[in-house]
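Summary of structural features
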Amino acid sequence: MKLTADRIIDAGMAVFAESGYHGLSMRQVAERLGAHAGSLYYHVPSKSALLQLMADRVARQAYDAGSAALAALPEGADWKARIEAQVVTLRRSIQQHAGGAIVFADSPKVLSAGALSLMERLLRTLSDAGVPDEHLIVAADTLLSHVTGYVLQEQSEPPALPVTEADVADLPERFPLTLAAAAAYDQEEKFLRSVRMLCAGIGTLIEPAGA
């Protein structure tokens with residue numbers, strides 16, 4: 001098959017998922033494609049450029065998914081619903097890629113247009129809600145960091161040593177609150193509650209109308 005930037009990005013994502021940042025190389029990507037490393041550079045000039053393209057793909061997919069979710073909201077949906085639509089679809093988009101949380105976390109550093117678009121829209125949503133300018137970037141960054149960190153935990157490798165029944169036998173007695181809290185919600189419900197908690201905190205920054 002003919003080499004294209006899209007095929008190289010696909011292969012880069014696959015290698016990254018298996019080997020991580022330090023294991024990613026243009027040579028490994030070329031091997032996965034059955035091509036010579038030199039032939040990749042016509043389409044993608046460097047590993048740094050490949051990482052930028054990978055990050056931008058994840059961010060752009062998240063942006064498009066967020067656009068669809070926002071369009072599906074009922075007319076007059078409040079700012080919290082608009083925030084929730086954006087961050088829920090962001091999480092799902094990142095989850096679709098093994099290692100996606102790490103790739104996405106690097107997306108602002110490589111000036112991904114997709115990541116910058118996500119941030120711009122989130123900032124606009126918060127600004128339209130009445131969050132003061134001096135708090136906008138912290139509020140938006142907190143939301144994005146929360147999503148990235150949440151998925152990073154979901155995509156983390158299992159422990160090197162298997163956990164046995166003996167390892168956990170006395171945990172409920174030693175850490176009753178922690179164990180009870182861990183079993184209270186599934187991941188989906190816990191994520192939604194965490195986002196709503198963050199939005200409740202951000203809402204305290206918004207002055208009531210007429211105040």
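Residues numbered from 1 in each chain as written. Predicted model: local features only at pLDDT ≥ 70, side-chain atom pairs only at ≥ 80, totals over all residues. Heavy atoms only, no water.

We now examine the side chain of Arg57. Within the secondary structure layout, Arg57 lies in helix 4 (residues 47-71). The exposure class of Arg57 is buried, given its relative accessible area of 18%. Polar side-chain contacts of Arg57 include one of 2.4 Å to the side chain of Asp10. Non-local contacts of Arg57, meaning those with residues more than four positions away in its chain, are made with Asp6, Ile9 and Asp10. (Helix = DSSP H or I, 4+ residues; strand = E, 2+ residues; numbered from the N terminus. Buried < 20%, exposed > 50% of the residue type's maximum accessible area, 1.4 Å probe, protein only. Polar contact = N/O pair within 3.5 Å; in protein donor to acceptor, adjacent residues only side chain to side chain. Contact = heavy atoms within 4.5 Å.)

Glancing now at the packing of aromatic side chains. Applying the stated rule across the entire model yields 1 aromatic pair. Where Tyr150 meets Phe191, the ring centres are 5.0 Å apart and the plane angle is 65°; that geometry is what we call edge-to-face. Of this pair, Tyr150 sits in helix 8 (residues 133-154) while Phe191 sits in helix 12 (residues 187-203), and the two are 41 residues apart along the sequence. Judged on exposure class, the residue Tyr150 and its partner Phe191 are both buried. The lysine or arginine in question, Arg91, covers the ring of Phe191, its NZ or CZ lying 4.8 Å from the ring centre. If you follow Arg121 out to its NZ or CZ, it ends over the ring of Tyr63, 3.9 Å from the centre. (Phe/Tyr/Trp six-rings, centres within 6.5 Å; stacked < 30°, edge-to-face > 60°. Lys NZ or Arg CZ within 6 Å of the ring centre and 35° of its normal.)

Looking at the secondary structure, you find Arg7 in helix 1 (residues 5-23). Nearest to the buried, unbridged Arg7 among oppositely charged side chains is Asp10, at 6.4 Å. For Arg7, the side chain forms a polar contact with the main-chain oxygen of Lys2, separated by 3.2 Å. (Lys, Arg positive; Asp, Glu negative; His and termini not counted. Salt bridge = Lys/Arg side-chain N within 4 Å of Asp/Glu carboxyl O.)

What follows concerns the pattern of salt bridges. Per the counting criterion, the structure on display carries 10 salt bridges. Between Arg57 and Asp6 there is a salt bridge, with the nearest N and O atoms lying 3.6 Å from each other. A residue pair is termed long-range when its members are at least 10 positions apart, and Arg57 in helix 4 and Asp6 in helix 1 qualify at 51 residues. Here Arg174 ties to Asp170 by a salt bridge, and the two come within 3.8 Å at their closest N and O atoms.

On to the confidence of the model for the protein, then. In the predicted model, the protein carries a mean pLDDT of 87, and 93% of its residues have values of at least 70. The least confident element of the protein, judged by mean pLDDT, is helix 9 (residues 165-168) at 74; the most confident is helix 5 (residues 79-95) at 95. (pLDDT = per-residue confidence, 0-100.)

What follows concerns the packing of helix 5 against helix 12. The interhelical angle for the contact between helix 5 and helix 12, taken along N-to-C directions, is 140°, at an axis separation of 10 Å. Our classification of the angle between helix 5 and helix 12 gives oblique. Seen from above, helix 5 lies across helix 12 with right-handed handedness. Contacts between helix 5 and helix 12 involve Trp79, Lys80, Ile83, Glu84, Val87, Val88 and Arg91 from the former and Gln187, Glu188, Phe191, Leu192, Val195, Arg196, Cys199, Ala200, Ile202 and Gly203 from the latter. Looking at the contact of helix 5 with helix 12 residue by residue, the class counts come to 10 nonpolar, 2 polar and 5 charged. (Axes fitted to C-alpha atoms, helices over the stretch in contact; angles between N-to-C directions. Parallel < 35°, antiparallel > 145°, perpendicular 65-115°, else oblique. Left-handed = near helix turned anticlockwise from the far one by under 90°. Nonpolar A, V, L, I, M, F, W, Y, C, P; charged D, E, K, R; others polar.)

For the rest of this paragraph, the subject is the nonpolar core. Grouped together as the largest cluster of nonpolar side chains are 52 residues, with contacts concentrated most on Val29, Leu50, Met54 and Leu126. Elements represented by at least two residues in this core include exactly helix 1, helix 2 (26-33), helix 4, helix 5, helix 6 (100-106), helix 7 (113-129), helix 8 and helix 12. Apart from residues no more than four positions distant in its own chain, Leu126 is found in contact with Trp79, Ile83, Val131, Leu136, Ala139, Ala140, Leu143 and Ile202. (Core = buried A, V, L, I, M, F, W, Y, C linked by side-chain atoms within 4.5 Å.)

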